[in-house]
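Architecture and fold: a report
Chain by chain, the residues:
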Amino acid sequence: MTNIKEPAKNFKSQKKLLEVKVNRREDITDDLLKIWIEKPEEYIFKPGQYCTIGINGIERAYSIVSAPYERDLELFVELVPENEGGVLTPLIWDLSAGDSITIRPRAKGIFVFNNEWRKHLLLATVTGVVPYVSFIRDYIKKIEKQELQSTQHEMHVLMGASYLDEFTYDSELEEAASKYPDLVTFVPTVSRPDEQKNALWTGAKGRVNAIVEDYINDKELSPEDTLIYACGHPGMIEDVKSKMVPLGFTVDEERFWKED
Ligand SMILES: Cc1cc2nc3c(=O)[nH]c(=O)nc-3n(C[C@H](O)[C@H](O)[C@H](O)COP(=O)(O)OP(=O)(O)OC[C@H]3O[C@@H](n4cnc5c(N)ncnc54)[C@H](O)[C@@H]3O)c2cc1C
């Protein structure tokens, strides 16, 4: 089995890797971008799963923003600069529409929507919102096709970021919340409210792990009816688990990286 952290030898000759084109990119900040890549034929995934893409034999996992019905695979990527150990992301930053990258033929992951629970508390730091956007796009499509009703489940998204320009999917999630208020609630929160860049911020303040207990009490979410998901920063995930598991909550997690 190839270790995805190691550059694969003769990667182009590996039948396992498919070549796909970059269709579009959108820069959000200096270190955040959205990128849309061609979806290979017969590429099947569940909302919340990740793809594995590569450049020059270096491969990394990325959760998929898009829902399965969409034409492209949309990704939301944070740059880890080379001087902080980043390897693939500096190469992603050089990509333009029309360039080729590789993708493994199968999406993977078990961080998916569990419809056995009625309520879902979806906690994210920045790019950790990706699986939830996919859950919500997929769910709304199913409502439109009358396969589901907006009152069957609740999805409460709490998203933390240092700065207000990092939320990226806030308009989409706010729109979903206003169109389907029974289904979606969206609370963006900034962790550095006193910094000049956040001067215009009027929303929630504090890290997502700091506001989660008040939110649970306010909405009367209980361990019996609510599944907690935590995705993104490993420190946020650890803190949420240390607070919520002793209260009886089940916490599903997706760590995007390990803390040193
Ligand atoms: C299942 C899964 C899904 C993922 N989905 C996404 C996603 O949707 N978007 C995304 O941007 N990343 C995602 N990642 C992280 C991604 O796989 C890469 O690790 C990341 O993009 C950095 O790649 P790199 O090659 O530049 O640096 P790496 O060689 O992967 O890492 C270099 C160093 O930076 C640390 N690191 C990695 N990512 C970050 C970060 N965001 N902030 C701070 N330190 C970091 C690593 O722990 C390591 O110490 C996901 C990871 C996993 C396991």
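My aim in this report is to walk through the structure given alongside it, one point at a time. Note that this is a predicted model, so its numbers are computed, not measured. (Residues numbered from 1 in each chain as written. Predicted model: local features only at pLDDT ≥ 70, side-chain atom pairs only at ≥ 80, totals over all residues. Heavy atoms only, no water.)

1. Focus: the overall build of the chain
- The secondary structure content of the chain amounts to 5 helices and 12 strands.
- A compact globule built from 260 residues would reach a C-alpha radius of gyration of about 18 Å, and the chain, at 18 Å, matches this within 12%.
- Across its three principal axes, the chain shows a C-alpha extent of roughly 55 × 45 × 35 Å.
- In the chain, which comprises 260 residues, the proportion classed as buried is 52%.
- The contacts of the chain with a sequence gap of at least 6 include a subset with a gap of at least 24, amounting to 69%.
- A total of about 13600 Å² of accessible surface is found on the chain, and carbon and sulfur atoms cover 46% of it. (Helix = DSSP H or I, 4+ residues; strand = E, 2+ residues; numbered from the N terminus. Rg over C-alpha atoms; globule rule 2.2 N^0.38 Å. Buried < 20%, exposed > 50% of the residue type's maximum accessible area, 1.4 Å probe, protein only. Contact = heavy atoms within 4.5 Å. Areas by Shrake-Rupley, 256 points an atom, 1.4 Å probe, with all protein chains shown as cover.)

2. Regarding the environment of Trp 257
- Residue position: Trp 257 is located in the segment after strand S12 (250–255).
- In this structure the C-alpha to C-alpha distance between Trp 257 and Pro 246, which are 11 residues apart in sequence, comes to 24 Å.
- Filtering out sequence-adjacent residues up to four positions away, Trp 257 remains in contact with Gly 232, His 233 and Pro 234.

3. Quick look at the nonpolar core
- Within the largest apolar cluster, 35 residues are counted, with the highest numbers of intra-cluster contacts made by Phe 76, Val 129, Tyr 132, Ile 136, Val 157 and Leu 183.
- With 8 residues, helix H2 (residues 130–144) is the single largest residue contributor to this core.
- Looking at which domains feed residues into this core, each of domain 1 (11–103) and domain 2 (119–255) gives three or more.
- Among residues more than four places away in sequence, those in contact with Leu 183 are Tyr 139, Ile 140, Ile 143, Ser 150, His 153, Glu 154 and Met 155.
- By size, the runner-up hydrophobic cluster in this structure holds 24 residues, among which are Ile 37, Cys 51, Ile 58 and Ala 107. (Core = buried A, V, L, I, M, F, W, Y, C linked by side-chain atoms within 4.5 Å. Domains from an automatic or database assignment.)

4. Overview of the layout of surface pockets
- Looking at the largest pocket, its volume works out to about 1600 Å³.
- Residue assignment for the lining of the largest pocket shows that the elements contributing at least two residues are strand S4 (58–63), strand S5 (72–78), helix H1 (88–93), strand S8 (154–161), helix H4 (208–219), helix H5 (234–244) and S12.
- For the lining of the largest pocket, the leading source of residues is S4, giving 4 residues.
- Here the lining of the largest pocket is built from residues that sort into 20 nonpolar, 15 polar and 14 charged. (1 Å grid on protein atoms, 1.4 Å probe; cavity = no way out; pocket = protein on both sides within 12 Å on 5 of 7 lines; lining within 4 Å. Points joined across faces, edges and corners; volume = space filled by probe spheres on them. Nonpolar A, V, L, I, M, F, W, Y, C, P; charged D, E, K, R; others polar.)

5. Considerations on the site of the ligand
- Inspection of the region around the ligand gives 24 residues, with Arg 60, Ala 61, Tyr 62, Leu 88 and Thr 89 positioned closest.
- The contact in question runs from an oxygen atom of the ligand to an N or O atom on the backbone of Glu 78, over 2.9 Å.
- Lys 258 has a polar backbone atom sitting 3.4 Å from an oxygen atom of the ligand.
- Alone, the ligand offers 910 Å² of accessible surface; in the complex the protein occludes 83% of this.
- Judged by the proximity of its atoms to the pocket grid, the ligand belongs to the largest pocket.
- Broken down by secondary-structure element, the contributors of at least two residues to the shell around the ligand are S4, S5, H1 and S12.
- Among the elements that make up the shell around the ligand, the one with the highest residue count is S4 (4 residues). (Near = heavy atom within 4 Å. Polar contact = N/O pair within 3.5 Å; in protein donor to acceptor, adjacent residues only side chain to side chain. Sits in = over half its atoms within 2 Å of the grid points.)

6. Topic: H5
- Taken together, the buried positions of H5 are occupied by Pro 234, Met 236, Ile 237, Val 240 and Met 244. Down the axis of H5, the sector holding all buried residues measures 155°, keeping them to one side.
- Structurally, H5 contributes buried residues whose contacts are with strand S7 (119–125), H4, strand S11 (226–232) and S12. (Arc of directions from axis to C-beta.)

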